[in-house]
Amino acid sequence: MLFNQTSLADCLQEWEGLEKDFQRVQETHRLYKQKLEEVSKLQDSCSNAIARQRKKLKELTVSLEECKETLSPEEINTIDGIQESIKDRPNVFFEMESFLPKKNGLYLSLVLGNVNVTLLNKHSKFAYKDEYEKFKLVLTVLLLVFSFTCRFVFSYRALDALFNFLLVWYYCTLTIRESILISNGSRIKGWWVFHHYVFCFLSGVMLTWPEGILYQMFRNQFLTYCLYQSFVQFLQYYYQSGCLYRLRALGESHNMDLTVEGFQSWMWRGLTFLLPFLFFGHFWQLYNGLTLFRMAQLPECKEWQVFMCGCSYLVLFMGNFSTTLGVVYHKYIHNQDKSKSL
């Protein structure tokens, strides 16, 4: 390329500006690496301090219980106050550790290895949580359309297999994402986490169920149940997201709380219609299980999938029904006690 004197001078001036900017970039990157090293040391220091606190508090709790036997009522009241403060510490430590790197649990270690999945600022945590919620909503709608198509439009085993594969992928992905969210402070736990593992297993067994008389006997019932389940999950998403929004605005909900495929205590406000849908779905799971157990008794039943699916549906029913009933009972008792205190 040919340059005249003026254009060459402009290029040289631009180069000088880029050189100065490059020096600033290098300095900024050096400072960035230095701060990363400082942050890493602070993280280790904070994690070790929390571990020491937990150990010391545990020892102090035992010592205080031993001291109570020989103290006056005033001193016992002082100890009771200390013990109340100690009870609040685990929640504080939980909040602290949600911003600190930690070892992955067994499931994440098997899937991801030792990759650190802790998000170190609130914006990243909320963005990941919101993306998780959008993922659930999109897949719920997709499964609703897919199950409707398989049930009422096309009846092909290959299409059924594709639907079951989508269910396996969806629930596998949910378990991974939820494990990451739990590492970052989400409070979803207990049965609602295990529920997704069970349904992932159930979908995998359905995927391997070969074409035959028994498969066709259960196919329409299974697809109709999946259609209903997707519909209820769609209702749950909008109801629960509305509840969470209101509770966060009032400061009564943790910022990393999630919508779940079940009933939790924070959903109680304004509940007018969701519980009947949930309980009907739970008893439909029981009906599916009993249907499969009756099919397993038939002379022509040779597939192991029939019995395994029946067991899975029975586990889902018992877990969903007992957990939902327990939450409702607990919330009812809590409201009764609150009314009496007023």
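Procedures and definitions
- Residue numbering note: each chain is counted from 1, following its sequence as written.
- Totals for whole chains, interfaces and linings use every residue, but because this is a predicted model, local features are given only for residues with pLDDT of at least 70 and side-chain atom pairs only at 80 or more, for both listing and counting.
- Each side-chain value is derived from all of the structure's non-hydrogen atoms; neither hydrogens nor water enter the calculation.
- In DSSP terms, a helix is any run of H or I states spanning at least four residues, a strand is any run of E spanning at least two, and both are numbered starting from the N terminus.
- Each residue is assigned to one of three classes by its accessible area relative to the maximum for its type, calculated with a 1.4 Å probe on protein chains only: buried under 20%, partly exposed between the two thresholds, exposed over 50%.
- When a carboxyl oxygen of Asp or Glu is within 4 Å of a side-chain nitrogen of Lys or Arg, the pair counts as a salt bridge.
- UniProt positions are given in the numbering used here, feature names are shortened, and annotations may be inferred rather than shown by experiment.
- Definition used in this section: a nonpolar core is a set of buried Ala, Val, Leu, Ile, Met, Phe, Trp, Tyr and Cys residues joined via side-chain atoms within 4.5 Å.
- It only takes one pair of heavy atoms within 4.5 Å for two residues to be counted as in contact.
- Defined by distance alone, a disulfide is two cysteine sulfur atoms within 2.5 Å.
- By this rule, a helix spans an expected 1.5 Å times one less than how many residues it contains.
- Two axes define the bend at a residue: one fitted to the seven residues ending there, one fitted to the seven starting there, and the bend is the angle between them.
- Residue-level confidence of the predictor, termed pLDDT, takes values from 0 up to 100.
- To count toward a patch, a residue needs a relative accessible area above 30% and no salt bridge. Like charges then connect within 9 Å, nonpolar side chains (Val, Leu, Ile, Met, Phe, Trp, Tyr) within 5 Å.
- Under the convention used here, a 1.4 Å probe and the Shrake-Rupley method define accessible areas, while residue burial counts only the protein chains that appear.

Visitor: Before we go on, may I ask you to explain the environment of Pro90 in this structure?
Guide: By the element assignment, Pro90 lies in helix α2 (residues 73-97). Note on Pro90: relative accessible area 44%, which makes it partly exposed. With 40 residues separating them along the chain, Pro90 and Ile50 place their C-alpha atoms 9.9 Å apart.

Visitor: Looking at this structure, I do not really get the pattern of salt bridges. What am I missing?
Guide: Any two side chains of opposite charge can pair if their charged atoms end up close together. Counting across every chain of the model gives 8 salt bridges. For Arg30, the salt bridge goes to Glu27, with nearest N and O atoms at 2.5 Å. With Arg30 and Glu27 both in helix α1 (residues 5-67) and 3 residues apart, the pair spans about one turn of that helix. Taking relative accessible area as the criterion, Glu27 reaches 41% and is therefore assigned partly exposed. Note that Lys87 is salt-bridged to Glu84, the shortest N-O span being 3.6 Å.

Visitor: Where do I start with the UniProt feature "transmembrane region" (unreviewed entry) in the protein chain in this structure?
Guide: Here, UniProt's "transmembrane region" (unreviewed entry) annotation points to residues 135-156, 162-180, 192-210, 266-284 and 304-329. Along residues 135-156 one finds 86% helix and 0% strand; the C-alpha atoms at either end are 27 Å apart. Along residues 162-180 the backbone is 100% helical and 0% strand, and the end-to-end C-alpha distance reaches 27 Å.

Visitor: Would you mind showing me how to read the nonpolar core here?
Guide: If you look at soluble globular proteins, the nonpolar side chains tend to sit buried side by side. The biggest cluster of nonpolar side chains holds 47 residues, and the ones touching the most others in it are Phe163, Met206, Trp209, Phe218, Phe222, Leu292 and Tyr313. Contributions of two or more residues to this core are made by α4 (122-153), α5 (157-183), α6 (191-208), α7 (213-249), α8 (274-296) and α9 (304-341). Considering every element that reaches this core, the biggest residue donor is α7, with 10 residues. Excluding residues that lie within four positions of it along the chain, Tyr313 makes contacts with Leu202, Phe218, Phe222, Tyr225, Gln285, Asn288, Gly289 and Leu292. Grouped together as the second largest cluster of nonpolar side chains are 7 residues, Leu57, Leu64, Ile79 and Leu100 included.

Visitor: Quick question: what am I supposed to make of the state of the cysteines here?
Guide: Every disulfide links exactly two cysteines, by a covalent bond between their sulfur atoms. Per the counting criterion, the structure on display carries 0 disulfides. Cys309 takes part in no disulfide bond, and the closest cysteine sulfur to it belongs to Cys311, at a distance of 9.4 Å. A relative accessible area of 0% places Cys309 in the buried class.

Visitor: Before we go on, may I ask you to explain α2 in this structure?
Guide: Spacing of three or four residues puts side chains on the same side of an α-helix, whose turn is 3.6 residues. The terminal C-alpha atoms of α2, which comprises 25 residues, lie 37 Å apart, in line with the 36 Å expected from a rise of 1.5 Å per residue. Along α2, the helix axis deviates most sharply at Arg89, where the bend reaches about 25°; the proline Pro90 sits within four residues downstream.

Visitor: What is the right way to look at α5 in this model?
Guide: With 27 residues, α5 ought to run about 39 Å at 1.5 Å a step, and its terminal C-alpha atoms sit 39 Å apart, in line with that. Just beyond α5, the residue with positive phi is Gly185, at close to 105°.

Visitor: How should I be thinking about the confidence of the model for the protein chain in this particular structure?
Guide: Any residue range with low pLDDT should be treated as having predicted coordinates unsuitable for detailed reading. For the protein chain, the average pLDDT comes to 84, and 86% of its residues sit at 70 or higher. At the level of individual helices and strands, the protein chain shows its lowest average pLDDT in α9, which scores 83, and its highest in α8, which scores 93.

Visitor: What should I look at first to understand a nonpolar patch on the surface in this one?
Guide: Where nonpolar side chains cluster on the molecular surface, the patch consists of Leu106, Leu110, Val111, Leu112 and Val115 and spans about 490 Å² of accessible area. With respect to the element layout, Leu110 can be found in helix α3 (residues 106-112). Leu110 gets classed as exposed once you look at its relative accessible area, which sits at 68%.

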